Amino acid sequence: MQEIMELDTPRLLLRQWRDSDLAPFAALNADPRVMEFFPSTLSREASDAMALRCRSLIAGRGWGLWAVALRENNAFIGMTGLHIPAVQLPCSPCVEIGWRLAHDYWGQGYAQEAAQAALQAGYERLQLPEIVSFTALPNVRSSALMARLGMRREQATFEHPALPPGHRLRAHCLYRLTRAEWCARGGDTT
């Protein structure tokens, strides 16, 4: 059995998924504001399947897309973490960082706080050489967060292969951050 890595920050817990997370995750995935830059909202069944897949990957690997909860009351607010994309991308093989928070928790710095913890775990505990992130071109909020995290945007864009030609979200931008860049900014230098 793989030891499960869980992370904490001053305000957040990044932890393994619980059955009690399924309903608020389904509500988040059904919210058109949260899912604006995804192909569609998710049904309860699809949302539950995603959460259970995240839980299974964490159980098998020890890390992944963690459930994010507030430290003060353990309320589920979304997910953040590291993932190996199944689809072939221009940066493959790779580990990506991603996040998805309930709309009520936007604009409070939670996504950045959780993402910084995930980056730190990726570089300092997992010793990953690089972490990437990508999003549809219109998703300026996520792009801005990637920049705030110190990730650098690749000049070229790419067409996401999971979306059909002509889809409004097919064009994506790619951001990268190497472990060397992380260390140069004051990360772990061992």
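## Quick look at the overall build of the chain
Right, on to step 1. Counting secondary structure elements, the chain contains five helices and nine strands.
Right, on to step 2. Going from N to C terminus, the chain has its helices and strands arranged as β-β-α-α-β-β-β-α-β-α-β-β-β-α.
Right, on to step 3. What you see for the chain is a C-alpha radius of gyration of 16 Å, in line with the 16 Å of a compact globule of 190 residues.
Right, on to step 4. C-alpha extents for the chain along the principal axes are approximately 45 × 40 × 35 Å.

## Notes on the pattern of salt bridges
Right, on to step 1. Enumeration according to the criterion identifies ten salt bridges in this entry.
Right, on to step 2. One salt bridge in this structure joins Arg33 and Asp31, with 2.8 Å as the shortest N-O distance.
Right, on to step 3. Residue Arg152 pairs with Glu181 through a salt bridge whose shortest N-O separation is 2.6 Å. Of this pair, Arg152 sits in strand 7 (residues 152–153) while Glu181 is found in helix 5 (residues 179–184), placing the two residues 29 residues apart along the sequence.
Right, on to step 4. Residue class for Arg152 comes out partly exposed when judged on its relative accessible area of 35%.

## Topic: the pairing of strand 4 (residues 76–83)
Right, on to step 1. Buried residues dominate strand 4, accounting for seven of its eight residues.
Right, on to step 2. As judged from the five bridges shared by strand 3 (residues 65–70) and strand 4, these two strands associate in the antiparallel manner. Paired with Trp66 across the strands is Thr80, a residue of strand 4.
Right, on to step 3. The turn linking strand 3 back onto strand 4 is made up of five residues, and Asn74 within it adopts a positive phi angle of 60 degrees.
Right, on to step 4. Pairing geometry for strand 4 and strand 5 (residues 96–101), over six bridges, is antiparallel. Paired with Gly78 across the two strands is Leu101, which belongs to strand 5.

## Thoughts on helix 1 (residues 22–29)
For an α-helix, 3.6 residues make a turn, and residues three or four places apart therefore share a direction.
Right, on to step 1. All of the buried residues in helix 1 are Leu22, Phe25, Ala26, Leu28 and Asn29. Looking down the long axis of helix 1, one finds its buried residues gathered within 160 degrees of arc, a one-sided arrangement.
Right, on to step 2. Buried residues along helix 1 sit against helix 2 (44–61), strand 4 and strand 5.

## Details of the nonpolar core
Right, on to step 1. With 49 residues, the main nonpolar core has Leu12, Trp17, Phe25, Trp66, Leu82, Ile97 and Leu119 as its most contacted residues.
Right, on to step 2. Once residues lying within four places of it in the same chain are set aside, the contact partners of Phe25 are Trp17, Ser47, Met50, Ala51, Phe76 and Met79.
Right, on to step 3. Membership of the second largest hydrophobic core comes to seven residues, among which are Leu89, Cys91, Val132 and Phe158.

## Some thoughts on unusual backbone geometry
Right, on to step 1. With omega at -5 degrees, the peptide bond leading from Ser92 into Pro93 counts as cis.
Right, on to step 2. Tracing the backbone shows Pro93 in the loop between strand 4 and strand 5.
Right, on to step 3. Non-glycine residue Asn74 carries a positive phi angle of around 60 degrees.
Right, on to step 4. Position of Asn74 relative to the elements: it lies in the loop between strand 3 and strand 4.
Right, on to step 5. Its identity as a non-glycine residue notwithstanding, Gln127 has a phi of 60 degrees, on the positive side.
Right, on to step 6. Position of Gln127 among the secondary structure elements: in the loop between helix 3 (110–125) and strand 6 (130–136).
Right, on to step 7. The class for Gln127 is partly exposed, based on a relative accessible area of 41%.

Conventions and cut-offs
Residues numbered from 1 in each chain as written. Predicted model: local features only at pLDDT ≥ 70, side-chain atom pairs only at ≥ 80, totals over all residues. Heavy atoms only, no water. Helix = DSSP H or I, 4+ residues; strand = E, 2+ residues; numbered from the N terminus. Rg over C-alpha atoms; globule rule 2.2 N^0.38 Å. Salt bridge = Lys/Arg side-chain N within 4 Å of Asp/Glu carboxyl O. Buried < 20%, exposed > 50% of the residue type's maximum accessible area, 1.4 Å probe, protein only. Pairing = 2+ DSSP bridges. Arc of directions from axis to C-beta. Contact = heavy atoms within 4.5 Å. Core = buried A, V, L, I, M, F, W, Y, C linked by side-chain atoms within 4.5 Å.

What is shown is where atoms sit, not what they do.
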